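Fold and contact review
Here are the chains, one letter per residue:
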Amino acid sequence: MALSILSVQDLCSVACTCSHLRGLSVEQWQRRAFERWQSGWSSSKWKLLHEKGQHLALFSERHKIDRAAAQAVQDLSWPLRKDQSLQKLCQLDRDCLDYLIKHIDKHRCGNVPAMGISSEGRSPSPSDDEGTEGHQLGSAYWCWYALTQCQISLAVSDLSVIRHRPQQEHSRAIEHAALVLAQVHYPASCIEEIVDYLDLLGEELKLRLKEAGLNCGYVGRKELEVLNQLLFGEEAPPGIPCRLRPSPTADSSTLHYESSISNNTFYARLSQQVEIYPEDRVKGCWRCTLDDVEMTHDRPYDAHGKLKLPRIPPPGFGLGVKGNREDYQNPRNSLLPNVLCTRSGIPLSLAVLHMAVGRRAGLPMQLINMPMQVISKMRSGMTQYALHTSSGHEDIPLSTTDRGDMIEVEECKEEEEEEKKEEEEEDLYIDVYGGGTIMNKSELKSFMTDNLGLPSELPLEIMSPTSACQRMCANLAGIYSGRQDMEHLWMVLELLTAVNPRAKDFLGHKHRCALALRDFEGALKAVEQLEEIFISETGTDRRAYIADQFMALRVKISEQHLDYQRSCLRVATPAPPNVLYRVGQVIRHRRYRYRGVIFDWDPACQADEQWILRMGVDALDEGRNQPFYRVLVDLRDRPFQNTYVAQCNIEIFESDTSSEDGIMHPELGRYFDSFSSDRYHMNACLQARFC
């Protein structure tokens, strides 16, 4: 027991004292290795060390990985080192996730000014076990940035093979794609909670089907009505108990999942040597204690990092899920955590939820792809499998797409089975966006012409995993493009082009987005993919012309890259006398009254002529020849803006005692390490450029 309170250094010293103490320390090394390694192992080498009981060596390897991740995160703030640092982090694969999440959690729990942290997370110092209070703001940003990039890299790897899934796994693959999309939007969150909740909904559906005497080898309209009542039915009033609870701490209105997971799950999976299905990469074995930090979405997590899910509806009631018609363009409508927590979404996300729950109870669901609409489809008739009718909650999960979750029909009466075999099979269609209306084919044709304005002869295309994932990402890409949210736009374009590498339009958007983010390597890669596609689709006589055009585009990108590199290498020199304000000062715009913090300046306006004319710069008192400042604008005044402001429009912001000091902006940590008094302190990269 005494050994458990020792530091790593002290435990090493004790283990070197004598063989008896060395033997006693073995258990401590095992515990500490698994405390720091909860995300699973990307290499069989780590598993082999565990099986041999070499937990000191395992802990040592964990320490080396953490040190490498810490150094890579520290180098991210230097623009010319960023690409190489990200490459190192991605090479660590899943092994670096524990380090990043642990240090995000540690720094966010620290004593940090609320305005300084914004909502962008916190990050590590280079040391493993100690943080540096003065650098919390900057390390927060870069640790969160690194975690996001690692999750995107893992997601691209997963989605690049999704189109190769066999047809019988399409419903599971579509659900997997939705989980991957949620994971990259909430990189520090445990998407396994969503899977657990869907499993519980599936269990509740199976109980309801059994109580109604349904699903004994036949699925039809009645089974769909039970599913629709569970998802779209009226919510239960407070006080009515539900029969399925994932956590004993859940209250009467909301289910809260525990924020830590038992290592026994990890041990069991290793000891059984189970081959991990790719979906487990999304589910993971780690959890965090962070609230969601993506400010572009309503937060589905509370302040303690627990997912705010509605309780499983008691018998006779439903979740109350509905289409979000009032705020259709909100990106939260496309993400499963938000859809479940708000119980609203767009047609595609609601159809994925409908299919995921139905799949768990043996209903053979598919999705129909339509313009501006997605319809669920189920073919009624006999099925090969049915629910187990044993007592209690020992029902085996059922799905026509997963043999591991199915059992053969054993206890249905022969007379009932023969009767149902004689019933005519038909395709049933469900309008999930309209509350679960069930239609046959003729009713669907009428719905298409009357409600959607589509021709009745439009072919009903079954949505494949590739088309489903592409549509999910395309929906978000349109929203983020309209909001000029380049970071999220690049993220979904990266996933979309992983699923469909020959999507020319989106590769063009990706090239322009990468340039806006100064990701010149990404822009060149997108251009190379576009060139390959255009040349393969062009006749021999025009290929030389196409190659010349793309060569000119690559040269232009390379020149922009060189210009950017030169600007990053600017040596710090004293500011000219006419530059009145300094990097890190909190200012207010004289005319528009918004607050912000200066992160860069130019001795004269460096914008292009078109921008100067559009903004009327020459009409200012000192025109274009006065200093101009780049400013991060406070989110409370203007959402997600960086501005280029003339010196004559700036005044120092002086806060009173009733207002909060500092600025709220997600990119603060990109430029500054900390905040104190009335100014932000530059990170090492900015200090090398500005005195």
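Placed above this text is the structure.
So, here is what we can say about the structure in this document. These figures come from a predicted structure and were not determined experimentally.

The rules we used
Residues numbered from 1 in each chain as written. Predicted model: local features only at pLDDT ≥ 70, side-chain atom pairs only at ≥ 80, totals over all residues. Heavy atoms only, no water. Helix = DSSP H or I, 4+ residues; strand = E, 2+ residues; numbered from the N terminus. Buried < 20%, exposed > 50% of the residue type's maximum accessible area, 1.4 Å probe, protein only. Contact = heavy atoms within 4.5 Å. Polar contact = N/O pair within 3.5 Å; in protein donor to acceptor, adjacent residues only side chain to side chain. Pairing = 2+ DSSP bridges. Axes fitted to C-alpha atoms, helices over the stretch in contact; angles between N-to-C directions. Salt bridge = Lys/Arg side-chain N within 4 Å of Asp/Glu carboxyl O. Parallel < 35°, antiparallel > 145°, perpendicular 65-115°, else oblique. Left-handed = near helix turned anticlockwise from the far one by under 90°. Nonpolar A, V, L, I, M, F, W, Y, C, P; charged D, E, K, R; others polar. Core = buried A, V, L, I, M, F, W, Y, C linked by side-chain atoms within 4.5 Å. Domains from an automatic or database assignment. Phe/Tyr/Trp six-rings, centres within 6.5 Å; stacked < 30°, edge-to-face > 60°. Lys NZ or Arg CZ within 6 Å of the ring centre and 35° of its normal.

**A closer look at the overall build of the chain**
- The helix and strand tally for the chain stands at 25 helices and 18 strands.
- Of all 691 residues assigned to the chain, the portion counted as buried reaches 53%.
- When contacts within the chain are restricted to residue pairs at least 6 apart in sequence, those whose partners lie at least 24 apart make up 68%.

**What to know about the environment of arginine 325**
- Mapped onto the elements of the fold, arginine 325 is located in the loop between strand E4 (322-323) and helix H14 (336-342).
- Given the relative accessible area of 54%, arginine 325 is considered exposed.
- The contact partners of arginine 325, leaving out residues within four places of it in the chain, are Tyr433 and Gly434.
- Polar contacts involving the side chain of arginine 325 include one to the main-chain carbonyl oxygen of tyrosine 433, which spans 3.3 Å.

**What about the sheet that holds strand E10 (residues 437-439)?**
- One open sheet holds the 5 strands; their spatial order is E10-E9-E7-E6-E11, and the pairing between them is antiparallel. Both edges of this open sheet fall to E10 and strand E11 (461-462), since each of them pairs with a single strand only.
- Relative to E10, strand E9 (residues 427-431) runs antiparallel, the two being bridged by 3 bridges. Opposite tyrosine 429, over in E10, you have methionine 439 as the bridge partner.
- The strands that helix H15 (residues 347-360) touches are strand E6 (365-370), strand E7 (373-379) and E9; relative to E6, the one it contacts most, it runs at about 165°.
- Running at roughly 115° to E10, helix H17 (residues 441-450) makes contact with E6, E7, E9 and E10 of the sheet.

**Regarding the pattern of salt bridges**
- Within this structure, the stated rule accounts for 24 salt bridges.
- Note that arginine 360 is salt-bridged to aspartate 199, the shortest N-O span being 2.7 Å. Note that arginine 360 is positioned in helix H15 and aspartate 199 in helix H10 (residues 192-211), a separation of 161 residues in sequence.
- Between lysine 504 and glutamate 537 there is a salt bridge, and its shortest N-O distance comes to 2.9 Å. Of this pair, lysine 504 sits in helix H20 (residues 504-516) while glutamate 537 sits in helix H21 (residues 520-537); the two residues are 33 residues apart in sequence, bridging distant segments of the chain.
- When its relative accessible area of 48% is taken as the criterion, glutamate 537 is described as partly exposed.
- Among the charged side chains, a network of salt bridges with common partners joins Glu175, Asp199, Arg359 and Arg360.

**Some remarks on the packing of helix H8 (residues 136-159) against helix H9 (residues 170-185)**
- Taken N-terminus to C-terminus, the directions of H8 and H9 make an angle of 165°; their axes are 9 Å apart at the nearest point. Considering the angle they form, H8 stands roughly antiparallel to H9. As H8 runs across H9, the sense of the crossing is left-handed. On H9, the residues touching Thr148, Gln151, Ile152, Ala155, Asp158 and Leu159 of H8 are His176, Ala177, Val180, Gln183 and Val184.
- Per-class residue counts for the contact of H8 with H9 are 6 nonpolar, 4 polar and 1 charged.

**Some remarks on the nonpolar core**
- Ile194, Leu205, Val357 and Leu367 are the most contacted members of the largest nonpolar core, which has 81 residues in total.
- Shared between two domains, this core holds at least three residues of each, these being domain 2 (165-237 + 285-382 + 425-463) and domain 3 (466-569).
- The residues contacting leucine 367, other than those within four sequence positions of it, are Ile174, Leu348, Ala351, Val352, Met355, Val374, Ile375, Ser376, Glu461, Ile462 and Met463.
- In this structure, Tyr629, Ile663, Leu686 and Phe690 belong to the second largest nonpolar core, which totals 27 residues.

**Side note on the sheet that holds strand E12 (residues 586-589)**
- A sheet is described by the order of its strands in space; here 5 strands give the open sequence E15-E14-E13-E12-E16, paired in antiparallel fashion. Every interior strand has two partners, whereas the edge strands, strand E15 (642-646) and strand E16 (650-652), have only one. Shown here is a sheet whose adjacent strand axes are inclined to one another by a mean of 50°, direction ignored.
- Bridge count for strand E13 (residues 595-602) against strand E14 (residues 628-633) is 6 bridges, and the pairing is antiparallel. Within the sheet, the bridge partner assigned to glycine 596 lies in E14 and is valine 633.

**A word on the pairing of E9**
- For E9, a buried count of 5 out of 5 residues is recorded, marking the element as mostly surrounded by other parts of the structure.
- Burial along E9 is two-sided: Asp427, Tyr429 and Asp431 facing one way and Leu428 and Ile430 facing the other are all buried.
- In terms of strand pairing, E7 meets E9 through 4 bridges, oriented antiparallel. Directly across from lysine 377, in E9, lies its bridge partner tyrosine 429.
- Here E9 hands over to E10 after 5 residues, with glycine 435 in that stretch at a positive phi of 95°.

**Digging into the pairing of E12**
- Burial along E12 is two-sided: the residues Val586 and Arg588 and Ile587 and His589 are all buried.
- By the bridge criterion, 3 bridges tie E12 to E13 in an arrangement that is antiparallel. Counterpart to isoleucine 587 in the pairing with E13 is glycine 596.
- Between the end of E12 and the start of E13, which pair antiparallel, lie 5 residues, with arginine 593 showing a positive phi angle near 65°.
- Sheet topology places E12 next to E16; 3 bridges connect them, and they run antiparallel. Paired with isoleucine 587 across the bridge in E16 is isoleucine 652.

**Thoughts on the packing of aromatic side chains**
- Inspection of every chain in the model, using the stated rule, returns 14 aromatic pairs.
- Aromatic side chains tyrosine 581 and tyrosine 629 sit 5.7 Å apart centroid to centroid with 70° between the ring planes, which places their arrangement in the edge-to-face category. In this pair, tyrosine 581 sits in the loop between helix H22 (540-568) and E12 while tyrosine 629 sits in strand E14, placing the two residues 48 residues apart along the sequence.
- Assessed through its relative accessible area of 10%, tyrosine 581 is described here as buried.
- A relative accessible area of 0% means that tyrosine 629 is categorised as buried.
- One aromatic cluster in this structure is built from Phe599, Tyr671, Phe672, Phe675 and Tyr680.
- A cation over an aromatic ring shows up here: arginine 638 above the ring of tyrosine 592, its NZ or CZ 5.0 Å from the ring centre.

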